[in-house]
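What follows is the residue order along each chain.
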Amino acid sequence: MVTINNVFNNANMKCIANVGPFYVYEHQNDLSVTPSGASGAYFMKEMNVRKRQVLCTLNGNNAVKVQAGAMQWTTGSVEMNANVGGVGGFFSKAVKGAVTGESAVKPLYRGQGYLMLEPTYNHILVEDVSKWGPQGMVLDDGLFFACDAALNESVVRRQNVSSAVLGGEGLFNLCLTGNGAAVLESPVPRQELFEFVLQDDVVKIDGNMAIAWSGSLQFTVEKSTKSFLGSGLSGEGFLNVYRGSGRILMAPTMAGTMNYSSNGPSQTTATSGQSSVNDAVSSFFS
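Definitions and limits used
- What you see as residue numbers is a count from 1 along each chain, following the sequence as written.
- This being a predicted model, a pLDDT of at least 70 is required before a residue's local features are given, and a value of 80 or more before pairs of side-chain atoms are given or counted; all residues contribute to the totals for chains, interfaces and linings.
- To get the side-chain values, all heavy atoms of the structure are used, and hydrogens and water are removed first.
- Helical segments are the DSSP runs of H or I of at least four residues, strand segments are the runs of E of at least two, and each set is numbered from the N terminus.
- Each residue's exposure class comes from its accessible area (1.4 Å probe, protein chains only) as a fraction of the maximum for that residue type: buried when under 20%, exposed when over 50%, partly exposed otherwise.
- DSSP calls a pair of strands paired once it identifies at least 2 bridges connecting them.
- The predictor rates its confidence in each residue with pLDDT, a number between 0 and 100.
- In this analysis, two residues are considered to be in contact whenever any of their non-hydrogen atoms come within 4.5 Å of each other.
- A pairing counts as a salt bridge when a side-chain nitrogen of Lys or Arg comes within 4 Å of a carboxyl oxygen of Asp or Glu.
- Here a Phe, Tyr or Trp ring, Trp counted by its six-membered ring, pairs with any other such ring whose centre lies within 6.5 Å, and the pair is stacked when the planes are under 30 degrees apart, edge-to-face when over 60, and tilted otherwise.
- To sit over a ring, a charge needs its Lys NZ or Arg CZ within 6 Å of the ring centre and within 35 degrees of the ring normal.
- Distance thresholds for patches are 9 Å for like charges and 5 Å for nonpolar side chains (Val, Leu, Ile, Met, Phe, Trp, Tyr), applied to residues having over 30% relative accessible area and no salt bridge.
- All accessibility values rest on the Shrake-Rupley procedure with a 1.4 Å probe; residue burial counts only the protein chains present in the view.
- Between N or O atoms, a polar contact is any pair within 3.5 Å; within protein, one atom must be a potential hydrogen donor and the other a potential acceptor, and residues adjacent in sequence are included only when both atoms are from side chains.
- Among the buried residues, those of types Ala, Val, Leu, Ile, Met, Phe, Trp, Tyr and Cys that are joined through side-chain atoms within 4.5 Å form a nonpolar core.

> Explain unusual backbone geometry residue by residue, including any values.
Peptide bonds are, in most cases, trans, and in most cases residues other than glycine have a negative phi. A positive phi is found at Asn6, a non-glycine position, where the angle reads about 65°. Looking at the element boundaries, Asn6 is found in the segment before β1 (13-19). Here the phi dihedral of Asp200 falls at roughly 50°; this positive angle occurs in a residue that is not glycine.

The structure is reproduced here in structure tokens:
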């Protein structure tokens, strides 16, 4: 028998979310700072930069998959399985991991007890995958942290190469389907995420700011206007377009898109207005 002290009764660790077997704890203060790092720790707290951890509760009838290397400690009769599935299974997982930015192997933990994951300064989202529809939820690269073992993983491919090259989202993404919860590492907190619920409609986004979307949505990249020249001169260039019925979670900002000047967002990817202007002018005079 293991008695855990200073976790559930720790005033500095606040449970901020719970879905299924996953509990998200947030450290309210960094109590182990040095004098030289005290000022930095103070301002980090004021700006909501805090350590967050995920506690997984295992009751003997469930199991969880986690990102490789994410385990910090376990208690009770908890066993880990590498979840490789033989040479062929490992090769398949390695390919999936290489194209989606996730770890090739996601260890599986089962038994009865607790599993605590490593702390992260990213924001933690816990999503009920069943609410994303029968075709599941598609994740932006590198967001996966853990999930119910009952969920199915697959890799979805863009319908055309141009949507990946111009949209800045990559050619492949991880898709989770089934009944269960998924834990994601988000660049922004849940309170800042915009959520779109589509019913036979369309959402157009300037840049790769969607962090998750329903697998039922059709994703394409299109010009902001009917002509290349008009798209370039408008300053918007190409847009990520989601059509159909489903949900989208979108971060309100990303690096390089803050509107610091009257000239609008500034990007360095292929979706930038300046690149579109150059392409349009070149094609116009060629």
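> Give a description of the pairing of strand β6 (residues 123-128) that names residues and reports values.
Summarising burial for β6: 5 of the 6 residues are buried, a large majority. When β6 meets strand β11 (residues 181-186), the two strands line up antiparallel, connected through 6 bridges. Residue Glu127 lies in a different strand from β11, and its bridge partner there is Ala182.

> Account for the confidence of the model for the protein, naming residues and giving values.
Overall, the prediction assigns the protein a mean pLDDT of 81, with 72% of residues at 70 or greater. For residues 228-235, every residue scores under 50 in pLDDT, and the model assigns this stretch 17 contacts once sequence neighbours within four places are set aside. Note that pLDDT drops below 50 for residues 256-286; the model gives that stretch 35 contacts with residues more than four away or on any other chain.

> Before we move on, can you summarise the pattern of salt bridges with the specific residues and values?
In this structure the tally under the stated criterion is 10 salt bridges. Lys65 is paired through a salt bridge with Glu153; the nearest N and O atoms lie 2.9 Å apart. A residue pair is termed long-range when its members are at least 10 positions apart, and Lys65 in strand β3 (residues 52-66) and Glu153 in strand β9 (residues 152-157) qualify at 88 residues. Here the residues in one salt-bridge network are Glu127, Arg190, Glu195 and Arg247, joined through shared partners.

> Quick one: what's the story with the packing of aromatic side chains, residue by residue and with numbers?
Enumeration over the complete set of coordinates arrives at 5 aromatic pairs. Between Phe219 and Tyr242, the aromatic rings sit 4.8 Å apart at their centres with planes inclined by 20°, giving stacked as the arrangement. Taken together, the residues span a long stretch of sequence, with Phe219 in strand β14 (residues 218-223) and Tyr242 in strand β15 (residues 238-250) at a distance of 23 residues. Given the relative accessible area of 1%, Tyr242 is considered buried. By the ring-pair criterion, three or more aromatic residues cluster together here, those being Trp213, Phe219 and Tyr242. Positioned above the aromatic ring of Phe144 is the side chain of Lys106, whose terminal nitrogen or guanidinium carbon lies 5.2 Å from the ring centre. Geometry around Trp132 places Arg247 over its ring, the cationic atom sitting 4.2 Å from the centre.

> Run through a nonpolar patch on the surface, naming residues and quoting values.
A cluster of nonpolar residues, Met47, Val49 and Tyr121, forms a patch on the protein surface that exposes about 310 Å² of accessible area. Mapping Tyr121 onto the fold places it in the loop between β5 (108-117) and β6.

> Now, about the environment of Asn122: what can you tell me, with residues and values included?
Within the fold, Asn122 resides in the loop between β5 and β6. Overall, Asn122 belongs to the partly exposed group, its relative accessible area being 34%. Taking the C-alpha atoms as reference points, Asn122 and Arg52, separated by 70 residues in sequence, lie 7.4 Å from one another. The contacts of Asn122, once residues within four sequence positions are left out, are Arg52, Glu185 and Ser186.

> I'd like to hear about the side chain of Gln28, residue by residue, with values.
Along the polypeptide, Gln28 turns up in the loop between β2 (22-27) and α1 (38-46). A distance of 3.0 Å separates a polar side-chain atom of Gln28 from the backbone oxygen of Glu26. What Gln28 contacts, discounting residues up to four positions off in sequence, is Asn12, Lys14, Lys45 and Arg50.

> Residues and numbers for the nonpolar core, please.
Counting 19 residues, the largest nonpolar core has Met137, Leu139, Leu176 and Ile211 as the members making the most contacts within it. If you list the elements that add at least two residues to this core, you get β7 (137-139), β8 (144-148), β10 (172-177), β11 and β13 (210-214). Non-local contacts of Met137, meaning those with residues more than four positions away in its chain, are made with Glu127, Val129, Trp132, Leu174, Cys175, Leu176, Leu184, Ala212, Trp213 and Gly215. Judged by nonpolar contacts, the second largest core, of 18 residues, contains Val24, Ala70, Leu115 and Ala181.

> Run through the environment of Ser32, naming residues and quoting values.
As for its position among the elements, Ser32 is in the loop between β2 and α1. With relative accessibility at 59%, the residue Ser32 sits in the exposed group. There is a polar contact of 3.2 Å between the side chain of Ser32 and the side chain of Asp30.

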